[in-house]
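# Structural features, examined
Each chain, written out:
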Amino acid sequence: MQTETKYIFVTGGVMSGLGKGVVSSSIAKLLQLSNQKVSCVKIDPYLNYDAGTMNPIAHGEVFVTDDGGECDMDIGNYERFLNQSIPRTHNITTAQIYSTVIEAERRGEYLGACVQIIPHVTDAIKERIRKIAKGEGLDVLVVECGGTVGDIESLPFLEALRQMRLEEGSSNVIFVHVTLAPSLDVVGEQKTKPTQHSVQELRRIGIQPDLMAVRCSRPLETSAKRKISLFSNVSERDVFSCHDAESILMVPQMLYDQGIIDVIFKKFGKMGLVNTSANWDKWNSVVNSFSNLHDQVRIAMVGKYVKLADSYVSVNQALKHAGAKIGKNVVIDWIDSEELDGNLDNLAQYNGIIVPGGFGERGAEGIISTANFAREKNIPYLGICFGFQLAAVAFGRYVCGLADANSTEINPSTQNPVIDLLPEQKFIENKGGSLRLGANEIKVEDNTLGFRLYKSNTIFKRHRHRYEFNQKYLEMFNKHGLLFSGYSDSRKRMEILEIPSHKFYLGVQFHPEFNSRPGYPEESFEAFIRASSTA
Ligand code: GLN
């Protein structure tokens, strides 16, 4: 018999960027460690249908799911914390909800009615959330509502969550409010006024938080906790300190130590906790593997969106996962390919060079030179998607002698389009959701670097691209010493390139970073960091 699903709704106050995603993931992780079947949902109240059309410099990386969703980067946090794949339906946006309602209206499903935000839009939101919880047979679903309380855009969502509490009953729904207690200098008093205001705002729309998660640089002082408790109408025991930690992976333990799991279980009326020490042993060994790493591996990440660390969060994380697994401290220097300006010598000091994904002409020449530099200087190179494509362009230019080799994304009239549009992309007009997306099967050739690292002839990897290697140049590249060791769709598309004579030169058309998890680094990252840490 399926037990009733419980819901935890996480809202945010004061300002964005407080780490609601980490709090949500950490609570979900604690429930998973307590043997609950759990998953997470992210609500993004913006009007984009999905994150695919948004600039990574402003919004952080676009995270791609197995089933081809272009999602908010919090979905990546959930996957990494829970070590489980999250389907695209778990990222809900205003556009998706309104489309559902408008389509239903056109079909005549509301005949006679005036279609309104309450109840029609809020009903659509609740239905979407319940469908996930029931459809996946979850014990607990954690739903994180993006934005900050007080935003106009998030009102219908918060209203829907408020209604759910009424309908599901208070023993089945918990509201967690994430806020900030700033202090003006390192030792100064922790201020609670912003938190007080944000709780007032939340209550104004009918939501009384059950738990408060307060971000602060130092552990939350008793006096601040007391004040927050009083003004928020939340007992002191239910105010949790989320202070700065060495790593976000330490946040579950931080919340556990303050008793959050007992509080949640008590509120949900869940009894009879089983022994979960084996789960904890495994998790702790993963978390501990990230501490006390003294041996440095220096990696240059040369890309287009390096100005915001969040633009490549999965790549950064994957490098760290790989380092932790082999006991190395991976230090990443982000280098803007646009600013390289032909001055590559600086790159010689690094143990490895990685080029992540990217779109468009700007900064592409810097990447092409970087890929060539790594090849010439025998520096380990990992090129992802754009980094795969531009490594092929560099090889075409500097090894095969095709002086104007290029990608048609960068120069549409090149005489040597070694990277060209996917044939099925030629007639696509809409930009949203129209790339080649999601996990696809890839065949890997025996006796290659690709096979040595994946140890399998068949792998599934996530994609997000419009361009690919042009097979017209296959033979020429092979002759000059570049091998395509992985391909898909009966060799129609090249997926992995390598240069066997090089120390480590690997390009992948897919995005391995989305499959990397703490304790379980994605294979190409692990091999890259291993190669980068040997002289
Ligand atoms: N811009 C390239 C393409 O569309 C690469 C995309 C990427 O790096 N994700 O194919």
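One can find the structure itself at the top, above this paragraph.
Presented here is a report on the structure given in the accompanying data block. (Residues numbered from 1 in each chain as written. Predicted model: local features only at pLDDT ≥ 70, side-chain atom pairs only at ≥ 80, totals over all residues. Heavy atoms only, no water.)

Most of strand S8 (residues 211-216) sits out of view: five of its six residues are buried. Where strand S7 (residues 173-180) meets S8, five bridges bridge the pair, whose relative direction is parallel. Looking across to S8, one finds that Val176 is bridged to Leu211. In the classification by handedness, the crossover that spans S7, the intervening helix H7 (residues 193-204) and the parallel S8 is right-handed. Relative to strand S9 (residues 239-243), S8 runs parallel, the two being bridged by five bridges. Counted as the bridge partner of Val214 is Ser241 from S9. In terms of handedness, the path from S8 via helix H8 (residues 222-232) over to S9 forms a crossover that is right-handed. (Buried < 20%, exposed > 50% of the residue type's maximum accessible area, 1.4 Å probe, protein only. Helix = DSSP H or I, 4+ residues; strand = E, 2+ residues; numbered from the N terminus. Pairing = 2+ DSSP bridges. Right-handed = clockwise from strand over helix to strand, strands pointing away.)

Moving on: the nonpolar core. Of all hydrophobic cores here, the largest spans 47 residues; its most connected members are Ile8, Ile27, Leu31 and Ile264. Considering each element in turn, this core owes the most residues, seven residues, to helix H1 (residues 20-33). In this structure Ile264 touches Ile8, Ile27, Leu31, Ile174 and Leu211, once residues within four positions along its chain are discounted. In terms of nonpolar packing, the next biggest core, distinct from the first, is built from 42 residues, Ala391, Ala392, Ala394 and Tyr467 among them. (Core = buried A, V, L, I, M, F, W, Y, C linked by side-chain atoms within 4.5 Å. Contact = heavy atoms within 4.5 Å.)

Pairing in this open sheet of nine strands is mixed, and the strands run S11-S10-S12-S13-S21-S20-S19-S16-S17 from one edge to the other. Each of the sheet's edge strands pairs with one partner strand only, and the pair in question is strand S11 (329-336) and strand S17 (458-465). Looking at each pair of strands side by side, their axes are set apart by 25 degrees on average, direction ignored. Pairing analysis gives five bridges linking strand S19 (residues 483-488) to strand S20 (residues 493-498), with the strands arranged antiparallel. What sits directly across from Leu483, in S20, is Glu498. Helix-sheet contacts for helix H14 (residues 386-398) involve strand S12 (352-355), strand S13 (381-384), S17, S19, S20 and strand S21 (505-508), and the interaxial angle to S13 is about 115 degrees. (Axes fitted to C-alpha atoms, helices over the stretch in contact; angles between N-to-C directions.)

It is the contact of H1 with helix H3 (residues 74-82), at a shortest axis distance of 9 Å, that shows an interaxial angle of 25 degrees. Classified by the angle between their axes, H1 and H3 sit roughly parallel to one another. Note that H1 runs across H3; the crossing there is right-handed. The segment H1 lies against H3, with Gly21, Val22, Ser24, Ser25, Ser26, Ala28, Lys29 and Gln32 engaging Asp74, Asn77, Tyr78, Phe81 and Leu82. Residues that form the contact of H1 with H3 fall into these classes: five nonpolar, six polar and two charged. (Parallel < 35°, antiparallel > 145°, perpendicular 65-115°, else oblique. Left-handed = near helix turned anticlockwise from the far one by under 90°. Nonpolar A, V, L, I, M, F, W, Y, C, P; charged D, E, K, R; others polar.)

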